[in-house]
Structures are given as structure tokens and as C-alpha cells.
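# Architecture and fold: a report
So the chains spell out like this:
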Amino acid sequence: MESMSKGSDLLVAALENEGVERIFGVPGEENLDVLDSLRSSKIKFVVTRHEQAAAFMAATYGRLTGKPGVCLSTLGPGALNFSTGAAYALLGAMPMILLTGQKGILSSKQGRFQIVDVVASMTPLTKMSRQIVSTKTIPSIVREAFRVAQQERPGPVHLELPEDIAREESPALLPVPPHPIEIPVANPAALDRAATMILAAERPLIMLGAAASRPRLEDALTRFVNRVRIPFFNTQMGKGAVAAGSNLYIGTAALSERDYVHKAIDQADLILSIGHDTVEKPPFIMGHGGPKVIHIGYMPATVEEVYAPHAEVVGDVGSSLELLAARLEGKLKNASALVTLREEILAHLSDRATESRFPLTPQRIVHDVRQVMPEDGIVCLDNGMYKIWFARNYRTRVANTLLLDNALATMGAGLPSAMSASILYPDRRVLAVCGDGGFMMNSQEMETAVRLGLNLVVLIIEDRAYGMIRWKQAVDGFADWGLTFGDPDFVKYAAAYGAKGARVETADGLVPALESAFKTGGVHLVAVPVDYSENKRVLVDELRALA
């Protein structure tokens with residue numbers, strides 16, 4: 001007699017077939033069959049305290065590994081809490097699978113209770129959103145979901161499994177085996193055209209964008225930069241894409257214009273834009289009379305008001321760059337024309353980085369964090385004013401060691417993304433950097449971090465305000481109003497979760513506090529007050545004077 005499986009068993013077998021190691025989430029009544037199937041599987045289930053955090057954790061898993069992270073929620077309110085995480089992964093190009101439950105679709109004994117059309121609500125927030133209506137389709141739908149999530153441009157896929165389909169018996173079906181998919185390389189004509197333009201350039205420059213930070217690309221990008229010897233800058237999400245030691249890095253475009261790195265951008269006559277994704281705030285404003293731009297990417301360029309390249313090289317980025325370097329190596333007379341600006345630009349970024357003012361300046365916080373983080377240490381930023389300072393001033397030496405979100409740029413993701421990094425890399429130092437605003441949006445996950453026994457340090461930059469918006473309010477000439485709040489005692493707050501808390505009380509107190517936290521192990525929370533008067537002095541007054 002043919003052995004029988006239920007729908008949830010087929011789902012879990014299909015997830016195991018995809019190599020899924022863990023699922024993050026908050027289950028509900030409609031997931032109980034899935035939970036029961038997971039109980040006897042190799043997959044670990046990580047219970048979080050909010051669905052949004054589970055989605056951020058799954059997305060970060062995808063960002064760091066290139067393989068889709070998986071999260072699980074119930075129907076209605078639970079599924080809707082995934083919305084921000086889905087958008088975070090969609091805009092940030094992070095592969096992820098969102099699994100949600102639903103009431104029975106073959107019969108319903110509860111009317112419309114908790115029923116929301118989740119498939120429709122997820123459609124604009126994902127690459128694909130589908131309801132599973134038959135057990136027989138589960139193996140093929142799961143395989144397709146992972147393929148779509150992973151292929152360029154990566155992103156989230158949503159699958160809804162109603163509870164009666166999860167419970168329904170069916171013949172035991174074999175999962176669909178994954179097969180390797182290689183992306184074609186760029187057309188030789190496009191490579192020739194790009195090579196001709198680069199050889200003719202007098203002041204070439206390379207820009208590394210968000211898609212340059214794919215986990216598989218670091219070696220190829222480092223080889224390319226070292227072969228052509230053209231100086232490079234990066235967007236916020238392109239940080240760390242080239243390994244340290246080339247001596248060709250000339251800064252990060254943390255602002256769209258008028259920063260020190262824009263001295264080089266403004267002088268360039270050609271920019272080789274590798275992996276730029278227009279979801280990021282513009283790293284520079286394109287316009288008539290500006291540099292020629294060559295777009296090199298997995299996908300064709302998205303032409304926007306702020307980005308309209310003059311030529312494109314579309315295909316597998318690593319392999320295409322190998323072919324392009326072969327056309328250029330040893331032939332570029334003007335490769336290093338803009339390298340002379342490097343020292344001046346980088347010197348400005350270290351200005352006042354060791355100032356002993358208290359509360360600490362943002363420059364000092366970035367400097368001190370760099371002191372305690374080894375080359376492979378991972379810093380995960382939430383969203384706030386400090387993000388601009390870390391993007392400008394924090395020097396990365398290894399790919400994916402400064403995780404920031406310059407796409408959806410949502411608050412609340414810093415702690416969950418750091419937790420995901422800590423789970424993946426238990427032997428590396430992982431630091432979450434959060435403002436007091438962003439931290440409190442998902443601070444309940446401190447309990448999850450303690451329960452999982454993670455080694456994780458959370459640095460809270462405290463200004464008791466929604467600081468970035470308050471800065472914009474001041475810059476735009478509005479009255480200072482409506483953006484301040486109070487904070488809990490963060491040392492006691494950490495202790496309440498069974499974590500360790502510390503408060504920095506002096507200008508020289510941050511390094512020892514972080515060093516002690518990392519050496520002790522476990523979950524630590526370090527609160528540091530910040531002096532954000534530097535926002536206006538440097539990012540407005542100084543840069544206006546520069547212009």
C-alpha cells in the first residue's frame with residue numbers, strides 16, 4: 001500500500017530538500033500541523049517575540065549567505081506583521097521565503113474571523129505570492145519559490161498554506177531536486193564598447209553599489225580592481241565589496257552631493273558603476289555635462305531621473321569583469337589619475353575622530369567601534385543619524401562586515417539582523433548599533449537573543465529623540481518640535497532580560513565597555529550618549545563651505 005503524508009510533511013520535506021537549516025517565526029493555530037512536522041525534522045525552529053523580527057532575521061540570513069532565509073507566521077495579524085520585513089527584503093534584494101497560515105479553504109466554520117487577503121497584500125511586497133491549494137503541488141511550488149527568491153535580482157517570496165491543505169493526506173511525493181543555474185556572461189560587443197570608453201577616459205573612477213555586495217562576488221571584484229588599478233568609491237550598501245589592501249578606496253557616498261568624496265566624482269570623466277541599484281539614495285546626481293557612466297550589473301539598468309547610464313554590460317558580474325579586465329590590464333595610461341585625491345578625502349573623514357568631548361561625537365563613536373572590531377567583525381546598523389556617520393567614516397576590510405539598509409531604511413532591523421549574523425557566525429564579533437528610537441521598536445528580541453545563548457553586543461546611541469528627522473527639521477529651518485521622548489534605564493532593561501548592561505560615562509569609556517562585553521561573552525547592552533551638534537557643523541556648515 002502506498003505510504004501517505006500530510007501537506008505539512010510535504011512542505012517540511014521540500015524545505016529540507018532546499019537545505020533549510022532554521023525557520024524564524026511566531027506560529028499560530030493555523031500552523032499547528034506545520035509545527036508538528038517541524039518537530040521531527042532536522043530544521044531548527046527559532047521562536048521570536050514579534051513576526052517583524054523573524055522576517056528581518058530571515059532576510060539577513062539571505063543577505064549573508066545568498067540562500068533564502070525562511071520565516072513563519074500565522075494568518076491575518078501575524079502575516080501582516082511580516083509586511084515591513086517583506087519590503088525590507090524586496091528593496092534590499094535579500095532572498096527570503098515567507099510562510100503564512102490561513103483558515104481552511106475547502107470549508108469554513110469561523111466565517112470571516114481574522115481573514116485578510118494576505119496573498120493580495122503581499123503581491124506588491126514580494127517577487128511572488130501564492131496560496132497552496134493542493135498537496136500535490138507543494139513540492140513544485142516550494143522549488144519554484146526558492147528559485148525565484150534566489151535568482152537575480154533576489155528577494156522575498158510568499159507562500160500561504162491553509163490549515164486544511166496542511167492537514168490533508170496525500171501520497172508521499174518526492175521533492176523536486178534543485179539544479180545549478182549559471183547566469184550568462186555579458187555580450188562581447190558590450191564588453192568591447194565598455195573597454196573602448198574606459199581606455200579613452202582621462203579620469204576614470206569605479207563605483208560599487210548594493211549588488212556588488214553579493215556574498216559570491218568579493219574575490220572577483222578584488223581581482224578586477226587590483227588588475228585595472230582604477231580608484232573606487234562605494235554606495236552605502238556597497239561597502240566592503242573589495243578586500244582591504246588595494247590602496248585604491250577613496251570613500252563612501254553617504255550623501256548625494258557636496259561631500260568630500262564628491263571631489264573625485266565631480267572630477268571624473270567616466271564612472272564604472274558596478275552593481276548599482278537605484279533603490280539606494282543617489283550616491284551622486286547625474287546630469288548633463290557630468291561624467292559618462294557605464295552600468296555593469298546582473299540586470300539592465302533602471303533608468304531614473306537620477307541614473308541614466310551611457311552604456312551597459314549586463315550578465316554575471318564576476319565573470320564579465322574577468323573578461324573586461326583582460327581587455328584593459330596594462331593598457332590604462334590614466335588609471336590612477338584620481339588616486340591623488342585619496343589622502344585628502346580620507347584625512348577629512350578622520351577629523352576629530354579622537355576628540356575627548358562628552359557626550360561622545362559620532363566620529364568618536366565610529367572610531368572607537370573600529371578599534372574593538374577585528375577585520376571580520378560584523379557591525380549591523382539600525383536606521384538613524386549614526387548610519388550616515390558609519391557609512392562615511394567606518395573603514396571596512398572584508399565584504400558584508402558593515403550591514404546597513406539604505407533601501408527601505410526601516411527602523412527596528414538592527415538588533416534582529418545582528419542576531420542573524422551571530423547565529424551564522426558564532427565565532428566572530430557581532431555588534432548591533434541602534435539609536436534609542438530604533439532599538440525600542442524590536443527590543444523584545446533581547447529575550448530571544450538570551451534564550452538562544454548568542455554572543456552579541458548591542459550599542460545604543462542615546463539622544464532621546466528621532467535624531468535624523470530632528471536634524472532634517474533643523475536643516476530645513478523648522479522649529480525643534482515633536483521628535484523627543486524618554487528612555488528606560490537601559491542597564492536595568494538589559495538585566496531584566498538576563499543580559500548584561502553598561503553605561504558609558506566618560507569620553508574614554510566606550511572602548512573598554514565594548515571590549516569587556518565581547519570578552520565576557522553572552523548578550524550585552526552598552527548605552528552611550530551622543531553629541532549630535534556635529535551633524536550640522538560637519539554635514540551642513542562644513543560641506544556648504546566646501547561647495
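Residues numbered from 1 in each chain as written. Predicted model: local features only at pLDDT ≥ 70, side-chain atom pairs only at ≥ 80, totals over all residues. Heavy atoms only, no water.

In this structure, Ile365, Val369, Val379, Phe390, Leu431 and Leu459 are the most contacted members of the largest nonpolar core, which totals 61 residues. If one sorts the elements of this core by residue count, helix H15 (residues 385-393) sits on top with six residues. Excluding residues that lie within four positions of it along the chain, Ile365 makes contacts with Leu360, Phe390, Leu459, Ile461, Leu510, Val528 and Val530. Membership of the second largest hydrophobic core comes to 46 residues, among which are Ala55, Ala59, Leu415 and Met446. (Core = buried A, V, L, I, M, F, W, Y, C linked by side-chain atoms within 4.5 Å. Buried < 20%, exposed > 50% of the residue type's maximum accessible area, 1.4 Å probe, protein only. Helix = DSSP H or I, 4+ residues; strand = E, 2+ residues; numbered from the N terminus. Contact = heavy atoms within 4.5 Å.)

Take the sheet that holds strand E18 (residues 456-462) next. Taken in spatial order, the six strands make up an open sheet running E16-E15-E17-E18-E20-E19, and their pairing is parallel. Every interior strand has two partners, whereas the edge strands, strand E16 (402-403) and strand E19 (500-503), have only one. Relative to E18, strand E17 (residues 430-435) runs parallel, the two sharing five bridges. Along E18, the bridge assignment pairs Leu431 with Val457. In this fold helix H14 (residues 362-372) packs onto strand E15 (378-381), E17, E18 and strand E20 (523-529), with an angle of close to 170° to the strand it touches most, E18. (Pairing = 2+ DSSP bridges. Axes fitted to C-alpha atoms, helices over the stretch in contact; angles between N-to-C directions.)

Counted according to the given criterion, the structure contains zero disulfides. Its sulfur unpaired, Cys71 is 17 Å from the next cysteine sulfur, which belongs to Cys380. Note on Cys380: no disulfide assigned, nearest cysteine sulfur contributed by Cys434 at a separation of 9.0 Å. (Disulfide = S-S within 2.5 Å.)

Next up on the list: the layout of surface pockets. There is about 830 Å³ of room inside the largest pocket. Only H15, helix H17 (436-441), helix H19 (467-475) and helix H22 (533-546) provide two or more residues apiece to the lining of the largest pocket. By residue number, the principal contributor to the lining of the largest pocket is H19, which donates six residues. Split by residue class, the lining of the largest pocket holds 22 nonpolar, ten polar and nine charged. By volume, the second largest pocket amounts to about 700 Å³. (1 Å grid on protein atoms, 1.4 Å probe; cavity = no way out; pocket = protein on both sides within 12 Å on 5 of 7 lines; lining within 4 Å. Points joined across faces, edges and corners; volume = space filled by probe spheres on them. Nonpolar A, V, L, I, M, F, W, Y, C, P; charged D, E, K, R; others polar.)

Across the junction of Glu152 and Arg153, the peptide omega takes the value -15°, indicating a cis bond. Inspection of the secondary structure puts Arg153 in the loop between helix H7 (138-150) and strand E7 (156-162). Following Phe358, the chain continues to Pro359 via a peptide bond in cis, the omega torsion being -5°. For Pro359, the location among the structural elements is in the loop between helix H13 (342-349) and H14. Backbone geometry at Asn400 places phi at a positive 55°, although glycine is not the residue there. Positionally, Asn400 belongs in the loop between H15 and E16. For Ala409, which is not glycine, the phi torsion reads 50° and is therefore positive. Mapped onto the elements of the fold, Ala409 is located in the loop between E16 and helix H16 (414-424).

With that settled, consider the sheet that holds strand E9 (residues 204-208). Across the sheet, six strands lie side by side as E11-E10-E9-E12-E13-E14; this open sheet has parallel pairing. The open sheet has two free edges, formed respectively by strand E11 (249-253) and strand E14 (311-314), since each of these has just one partner strand. Each neighbouring strand pair of the sheet contributes to a mean axis angle of 20°, computed without reference to strand direction. The pairing of E9 with strand E10 (residues 232-235) spans three bridges and is classified as parallel. Each residue of the ladder has a partner; that of Ile206, found in E10, is Phe232. Of the strands in this sheet, strand E12 (270-274), strand E13 (292-297) and E14 touch helix H9 (residues 188-200), which is tilted by about 130° from E14. Contacting E12, E13 and E14, helix H12 (residues 317-328) crosses the sheet at an angle of about 130° to E13.

In terms of burial, H16 is a largely internal element, ten of the eleven residues being buried. The complete set of buried residues in H16 reads Gly414, Leu415, Pro416, Ser417, Ala418, Met419, Ser420, Ala421, Ser422 and Ile423.

Turning our eyes to something else, we now look at the environment of Tyr532. You can see Tyr532 is positioned in the loop between E20 and H22. For the pair formed by Tyr532 and Asp316, sequence separation is 216 residues and the distance between their alpha carbons is 42 Å. When neighbours within four sequence positions are excluded, Tyr532 is seen to be in contact with Pro362, Met385, Tyr386, Ile461 and Asp463. Among the polar contacts made by the side chain of Tyr532, one reaches the main-chain amide nitrogen of Tyr386 at a distance of 3.3 Å. (Polar contact = N/O pair within 3.5 Å; in protein donor to acceptor, adjacent residues only side chain to side chain.)

Evaluation of the coordinates by the stated rule reveals seven aromatic pairs. Seen in terms of ring centroids, Phe232 and Tyr249 are 5.8 Å apart; in terms of plane orientation they differ by 55°. Their pairing is tilted. Residue Phe232 is located in strand E10, and its partner Tyr249 is located in strand E11; the two are separated by 17 residues in the primary sequence. Across this residue pair, the class does not change: Phe232 and Tyr249 are buried. Taken together, a centroid distance of 6.2 Å and an interplanar angle of 80° make the contact between Phe439 and Tyr493 edge-to-face. Residue Phe439 is located in helix H17, and its partner Tyr493 is located in helix H20 (residues 490-496); the two are separated by 54 residues in the primary sequence. The exposure class assigned to Phe439 is buried, which follows from its relative accessible area of 1%. (Phe/Tyr/Trp six-rings, centres within 6.5 Å; stacked < 30°, edge-to-face > 60°.)

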